[in-house]
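So you can see what is in the structure, the chains are spelled out below.
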Amino acid sequence: MEITIKIFRYNPEKDTRGHYETYVVEGDENDRVLDVLEHVKGKTDGSLAFRRSCAHGVCGSDAMRINGRNHLACKTLVRDVGSNITVEPVLGLKVKKDLIVDMDPFFDNYKKMLPYLINDSPLPEDGKERLQSPEQRARFDESTKCILCAACTTSCPSYWANDQYYGPAAIVAAHRFIFDSRDEGASERLHILSETDGTARCHTAYNCTEACPRDIKITKAIGEVKMAMVTGKLD
Amino acid sequence: MTQAKARTLSLSKRGMSFETFMWLFTRLTALGMYAFILVGVIGALVMGARNQMTFIEVLRWALVTNPGHVAYTNVADIAPWESVFWRLVASGMFLTASSHGMHGVIVILDDYLGGISQRKWIRILNLAAYFIIAPIGLYVIWTA
């Protein structure tokens, strides 16, 4: 089948602003949008720039706007978006070249959440693991699935309006540790998230939940963090 | 296996920031407004609204229980509708709704303003507007 793909192009060395270029390629409805981009880059225009790595929905490199919605190009089939495809960089982050955006602000916010286990208590008597029950592990299972692709944060209208907002992905990272029974840093994280640029900027638009390629219920997770701030309950 | 014990952070450890307090305040005032409306509807029915007012007129009354909202209906005796109780209910609804709305404006503006001083000034201006509007609203309710 014939696939028409319109791609946002921007070269900071030549262009003062972005523009679109359209390519027509032969493909199959079971091809992924990433395959179409690879086809364009490999056979038509080698200057096209986009991120990709594992190409199997695990590394989170190729988040982009496909027909107006955030997706991973490697998990989006042509048959699901049609043969007329528009591909653009995600919103809210500065475009560096074509479909590549500057991810530094995104990861800066992620780091502010202290995304690592904090536990200063002495080790258990056997000196081995800090055990937890299957139920305790299940409590934060959902938020461990995050691959930091930024599809959620860059689909959030609050983040578009103000990039000082930590964003859904950072809050999910905090959720993963706040509700971990082995962690002792919840107080510190809740203090950070209770700032003006924390959970207060979430107005439950649900864009993040719809955009997440890992099907994490992000808005629900943010709601749980808000409730933890009010009630103090971490179970 | 680790003994599962409840993990709860005390208020002193988790703190209660302005944002968290106002998040709670917004939800409680929303529930409060529903309660005021319910009181208004029930009160109107008890005072005979079923035969003397249309559904729209009852809703208008319930949103702010001001006797002026009954003046042009088929209610024969307006005296019960302008009691101190109903003026108190109207005042409660007005203050709850206006403070809820004022904070809503602050939240939306905070989305677009990044600077600390900008946010501070918006809060001061909103509070000033609130303290000007609130007495005017109460004056109207108690003199209507």
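Residues numbered from 1 in each chain as written. Chains lettered and ligands numbered in written order. Predicted model: local features only at pLDDT ≥ 70, side-chain atom pairs only at ≥ 80, totals over all residues. Heavy atoms only, no water.

1. Observations concerning the overall build of chain A
Then, number 1: Secondary structure assignment for chain A yields 10 helices and 7 strands.
Then, number 2: For chain A, the spread of C-alpha atoms along the principal axes amounts to about 65 × 35 × 30 Å.
Then, number 3: Taking the intrachain contacts of chain A between residues at least 6 apart in sequence as the baseline, contacts between residues at least 24 apart amount to 64%.
Then, number 4: Here chain A has roughly 11100 Å² of accessible surface; of this, 48% comes from carbon and sulfur atoms. (Helix = DSSP H or I, 4+ residues; strand = E, 2+ residues; numbered from the N terminus. Contact = heavy atoms within 4.5 Å. Areas by Shrake-Rupley, 256 points an atom, 1.4 Å probe, with all protein chains shown as cover.)

2. Examining the interface of chain A and chain B
Then, number 1: Between chain A and chain B, the residue contacts involve 34 residues of the former and 24 residues of the latter.
Then, number 2: At the junction of chain A with chain B, the criterion picks out 2 salt bridges.
Then, number 3: Between R201 of chain A and D111 of chain B there is a salt bridge, with the nearest N and O atoms lying 2.6 Å from each other.
Then, number 4: Linking chain A to chain B there are 19 residue pairs in polar contact (both at pLDDT 80 or more).
Then, number 5: Elements with a contribution of two residues or more to the side of chain A that touches chain B: α6 (157–161), α8 (186–193) and α10 (218–231) of chain A.
Then, number 6: When residues in the side of chain A that touches chain B are grouped by element, the largest group, 6 residues, is from α10 of chain A. (Salt bridge = Lys/Arg side-chain N within 4 Å of Asp/Glu carboxyl O. Polar contact = N/O pair within 3.5 Å; in protein donor to acceptor, adjacent residues only side chain to side chain.)

3. What to know about the pairing of strand β1 (residues 2–9) of chain A
Residues and elements named next belong to chain A.
Then, number 1: Here β1 pairs with strand β2 (residues 19–26) via 8 bridges, running antiparallel. From the neighbouring strand, K6 faces β2, where its bridge partner is T22.
Then, number 2: By the bridge criterion, 4 bridges tie β1 to strand β5 (residues 84–88) in an arrangement that is parallel. The partner of I7 across the bridge, within β5, is V87. (Pairing = 2+ DSSP bridges.)

4. Structural notes on helix α6 (residues 116–143) of chain B
All names here are of chain B.
Then, number 1: Between its first and last C-alpha atoms α6 spans 41 Å; for 28 residues at 1.5 Å apiece the expected length is 40 Å, and the two agree.
Then, number 2: The set of residues buried in α6 consists of R119, I122, R123, N126, Y130, A134, G137 and I141.
Then, number 3: On its buried side, α6 packs onto α2 (18–46) and α5 (84–112). (Expected span 1.5 Å × (residues − 1). Buried < 20%, exposed > 50% of the residue type's maximum accessible area, 1.4 Å probe, protein only.)

5. Focus on empty space enclosed by the protein
Summary: where empty space remains is shown by rolling a probe the size of a single water molecule over the atoms.
Then, number 1: Applying the stated rule across the entire model yields 2 cavities of 30 Å³ or more.
Then, number 2: Space inside the largest cavity adds up to approximately 100 Å³.
Then, number 3: Along the wall of the largest cavity there are 14 residues; nearest its centre are C146, C152, C212, I216 and I218 of chain A.
Then, number 4: In terms of residue class, the lining of the largest cavity is built from 13 nonpolar, no polar and 1 charged.
Then, number 5: Its boundaries defined by the atoms lining it, the second largest cavity holds a volume of some 70 Å³.
Then, number 6: As for the second largest cavity, its lining consists of L193, S194, T199, A200, K226, M229 and V230 of chain A together with E19, T20 and W23 of chain B.
Then, number 7: Elements supplying a minimum of two residues to the lining of the second largest cavity: α10 of chain A together with α2 of chain B.
Then, number 8: For the lining of the second largest cavity, the class distribution of residues is 5 nonpolar, 3 polar and 2 charged. (1 Å grid on protein atoms, 1.4 Å probe; cavity = no way out; pocket = protein on both sides within 12 Å on 5 of 7 lines; lining within 4 Å. Points joined across faces, edges and corners; volume = space filled by probe spheres on them. Nonpolar A, V, L, I, M, F, W, Y, C, P; charged D, E, K, R; others polar.)

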